[in-house]
Amino acid sequence: EAQVTQNPRYLITVTGKKLTVTCSQNMNHEYMSWYRQDPGLGLRQIYYSMNVEVTDKGDVPEGYKVSRKEKRNFPLILESPSPNQTSLYFCASRRSGAGNSPLHFGNGTRLTVT
Amino acid sequence: AQTVTQSQPEMSVQEAETVTLSCTYDTSESDYYLFWYKQPPSRQMILVIRQEAYKQQNATENRFSVNFQKAAKSFSLKISDSQLGDAAMYFCAYRGYSGGGADGLTFGKGTHLIIQP
């Protein structure tokens, strides 16, 4: 089954404790991205990657890091989480190139930073 | 930067009735794509329908259709014969077409759709 898999689904942590949210897709998509969803704000892009070793900032990149060492994986790293990073996070992927290929989303990670 | 506006934070409709969710956007581009995503309580993001700006014909997917007005920069979603399973948050989204493929989605803030049995 074609899918984007995120782990964990829920995560509670404390301020300053480094964490990684994993994301993997099995559709051979070139493009992957991370979004955060906050009430009343919709979804906002954090980082995206056009392909292996090619990453770039989205609209709200502060406090986050990403890496793309393999095509299928695109982990999100919070080196020193803070309470304002409490949010619902989505990883997504799509084919690159021409056309209106839609984003395929993972099931989300609910992060709480205390 | 592009913006997407959903002016209805919440809508309510009787089961089997028709409801229209509004979306407007601001862009200076001529080529772009528009999407509606549905987010049920399971919080999955599910693609409902998509529209290419260069196509004049409105997209349709079963009970879901759009009214795309390019000059007015409007992209409303019509749900016919509403069902209980349609209850969800609906997000309108815009993606530009720079040719390089780097464009991410810009989302509206969402409309919470309630279906009354």
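Everything that follows concerns the structure shown earlier in this document.
Let us look at the structure shown here. (Residues numbered from 1 in each chain as written. Chains lettered and ligands numbered in written order. Predicted model: local features only at pLDDT ≥ 70, side-chain atom pairs only at ≥ 80, totals over all residues. Heavy atoms only, no water.)

### With respect to the interface of chain A and chain B
- Listed by partner, the interface residues are 25 residues for chain A and 22 residues for chain B.
- Each partner contributes to the roughly 2,000 Å² buried at the junction of chain A and chain B, and carbon and sulfur atoms together form 49% of this total.
- When residues of chain A are sorted by the area they lose upon contact with chain B, Leu43(A), Asn100(A) and Phe105(A) head the list and together hold 27% of the total.
- At the surface where chain A touches chain B, the tally comes to zero salt bridges.
- At the boundary of chain A and chain B, one finds seven residue pairs in polar contact (both at pLDDT 80 or more). (Contact = heavy atoms within 4.5 Å. Buried area = accessible area lost by both parts, 1.4 Å probe. Salt bridge = Lys/Arg side-chain N within 4 Å of Asp/Glu carboxyl O. Polar contact = N/O pair within 3.5 Å; in protein donor to acceptor, adjacent residues only side chain to side chain.)

### Remarks on the side chain of Gln45(A)
Residues and elements named next belong to chain A.
- Relative to the elements of secondary structure, Gln 45 occurs in strand E5 (residues 42–51).
- Gln 45 gets classed as buried once you look at its relative accessible area, which sits at 6%.
- Only 3.0 Å separates the side chain of Gln 45 from the side chain of Tyr 31, close enough to count as a polar contact. (Helix = DSSP H or I, 4+ residues; strand = E, 2+ residues; numbered from the N terminus. Buried < 20%, exposed > 50% of the residue type's maximum accessible area, 1.4 Å probe, protein only.)

### Describing the packing of aromatic side chains
- Tallying each qualifying case throughout the model produces 15 aromatic pairs over all chains.
- Seen from their ring centres, Tyr31(A) and Tyr48(A) are 5.9 Å apart, and the 15° between their planes marks the pair as stacked. Within this pair, whereas Tyr31(A) is found in strand E4 (residues 31–38), its partner Tyr48(A) is found in strand E5, the two being separated by 17 residues in sequence.
- Ring geometry for Trp36(B) versus Phe75(B): centroids 6.3 Å apart, planes at 25°, classification stacked. A residue pair is termed long-range when its members are at least 10 positions apart, and Trp36(B) in strand E5 (residues 32–39) and Phe75(B) in strand E9 (residues 74–79) qualify at 39 residues.
- Judged by relative accessible area, Phe75(B) falls into the buried class, the value being 0%.
- By the ring-pair criterion, three or more aromatic residues cluster together here, those being Tyr35(A), Phe90(A), Phe105(A), Phe35(B), Tyr37(B), Phe91(B) and Phe107(B).
- In this structure, Arg94(A) is placed above the aromatic ring of Tyr31(A), and the distance from its NZ or CZ to the ring centre is 4.0 Å.
- Here the basic side chain of Arg43(B) rests over the ring of Tyr10(A), its NZ or CZ set 4.8 Å away from the ring centre. (Phe/Tyr/Trp six-rings, centres within 6.5 Å; stacked < 30°, edge-to-face > 60°. Lys NZ or Arg CZ within 6 Å of the ring centre and 35° of its normal.)

### As for the sheet that holds strand E7 (residues 65–66) of chain A
Residues and elements named next belong to chain A.
- One open sheet holds the four strands; their spatial order is E1-E3-E8-E7, and the pairing between them is antiparallel. With one partner strand each, in any of the chains shown, strand E1 (4–7) and E7 form the two edges of the open sheet.
- Across four bridges, E1 lies against strand E3 (residues 19–25) in antiparallel orientation. If you follow Val 4 over to E3, its bridge partner there is Gln 25. (Pairing = 2+ DSSP bridges.)

### A closer look at the state of the cysteines
All names here are of chain A.
- Under the counting rule described, the total for this entry stands at two disulfides over all chains.
- The partner cysteine of Cys 23 in its disulfide is Cys 91, sulfur to sulfur 1.8 Å. Between Cys 23 and Cys 91 the sulfur-sulfur dihedral comes to about -75°; the bridge is accordingly left-handed. One end of the pair, Cys 23, is in strand E3; the other, Cys 91, is in strand E9 (residues 87–94), and 68 residues separate them in sequence. Across the pair, exposure class does not vary: Cys 23 and Cys 91 are buried alike. (Disulfide = S-S within 2.5 Å.)

### A word on the pairing of strand E6 (residues 46–52) of chain B
All names here are of chain B.
- With six bridges connecting them, E5 and E6 associate as antiparallel partners. Its bridge partner being in E6, Tyr 33 is matched across the sheet by Glu 52.
- Between E5 and E6, which pair antiparallel in sequence order, lie six residues; one of them, Arg 43, sits at a positive phi of approximately 70°.

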